[in-house]
Amino acid sequence: MKLIVGFGNTGHEYDFTRHNMGFLALDFFFKLHDLSWQSSQKFHSIWAKHGNTIFLKPQTFYNEVGLATRECANFFKIDPTSIIAVCDDFNLDFGQLRFRERGSDGGNNGLKSLTNHLHTTDYQRLRIGTGNPELRKKIGDINFVLGRFTETERELLPQILSSSALRLSELISNTSSHP
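Remember, it's a predicted structure, so these values are computed and weren't measured experimentally.

1. Describing the side chain of Arg125
So, step 1. Within the secondary structure, Arg125 sits in strand β7 (residues 124–131).
So, step 2. This buried residue, Arg125, is left without a salt bridge; Asp122 holds the nearest opposite charge, at 6.8 Å.
So, step 3. From its side chain, Arg125 meets the backbone oxygen of Tyr123 in a polar contact 2.4 Å long.
So, step 4. Contact partners of Arg125, with chain neighbours within four places excluded, come to Ala85, Arg98, Phe99, Arg100, Glu101, Arg102, Gly103, Ser104 and Leu111.

Below, the structure written as structure tokens:
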């Protein structure tokens, strides 16, 4: 069993913000595969099970995604190596995808939360670049990650989300042999 966790913040004020790239990626994947979400108080999340994969959108806010992930992983007895975190990364060029099987949090508070709650860094991550160094320098990191996409970035979103959905499909089929 695999667990794919999209990172984001709850509430409409965070829709189409850089920090919600994980939510956007999973929502796009769901639209392509005609899947639907359900609520779970137990997992502090919106979630769905499809085949041998569980999808999770924690409703704990970005910096506490580890809590919901741990609850779900413990319930379904999912090993951390079978967890895929999908998150934004402002250090990557806008739209660039980077996959790693393990590693550091790179300063990402959601990944820090995941590491703290799982007690390991041995989980997979699909980072989606939101980099825009000029804008980030101008408005600061917090306003940048919580800010909405620029018009140019919005125009690129369908292509980026399509690429992320394809990568998620590959990861789901490629990781089926993991414990």
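And the narrative resumes.
2. Focus on the pairing of β7
So, step 1. Of all eight residues in β7, eight are buried, a share of seventy percent or more.
So, step 2. Judged by which residues are buried, β7 turns out to be covered on both faces: Gln124, Leu126, Ile128 and Thr130 on one side and Arg125, Arg127, Gly129 and Gly131 on the other are all buried.
So, step 3. With seven bridges connecting them, strand β5 (residues 83–93) and β7 associate as parallel partners. Across the sheet, the residue bridging to Asp88 is Ile128, located in β7.
So, step 4. Alignment of strand β6 (residues 97–100) against β7, held across four bridges, turns out to be antiparallel. Along β7, the bridge assignment pairs Arg98 with Arg127.

3. Let's talk about helix α6 (residues 151–174)
So, step 1. Its 24 residues place the ends of α6 35 Å apart at the C-alpha level, agreeing with the 34 Å of an ideal helix rising 1.5 Å per residue.
So, step 2. Turning to α6, its buried residues are Glu153, Leu157, Ile160, Leu161, Ser164, Ala165, Leu168 and Leu171.

4. A look at the side chain of Asp89
So, step 1. Within the fold, Asp89 resides in strand β5.
So, step 2. Residue classification places Asp89 among the buried residues on the basis of a relative accessible area of 8%.
So, step 3. Excluding residues that lie within four positions of it along the chain, Asp89 makes contacts with Arg127, Ile128, Gly129, Thr130 and Gly131.

So, how was this worked out
Residues numbered from 1 in each chain as written. Predicted model: local features only at pLDDT ≥ 70, side-chain atom pairs only at ≥ 80, totals over all residues. Heavy atoms only, no water. Helix = DSSP H or I, 4+ residues; strand = E, 2+ residues; numbered from the N terminus. Buried < 20%, exposed > 50% of the residue type's maximum accessible area, 1.4 Å probe, protein only. Lys, Arg positive; Asp, Glu negative; His and termini not counted. Salt bridge = Lys/Arg side-chain N within 4 Å of Asp/Glu carboxyl O. Polar contact = N/O pair within 3.5 Å; in protein donor to acceptor, adjacent residues only side chain to side chain. Contact = heavy atoms within 4.5 Å. Pairing = 2+ DSSP bridges. Expected span 1.5 Å × (residues − 1).

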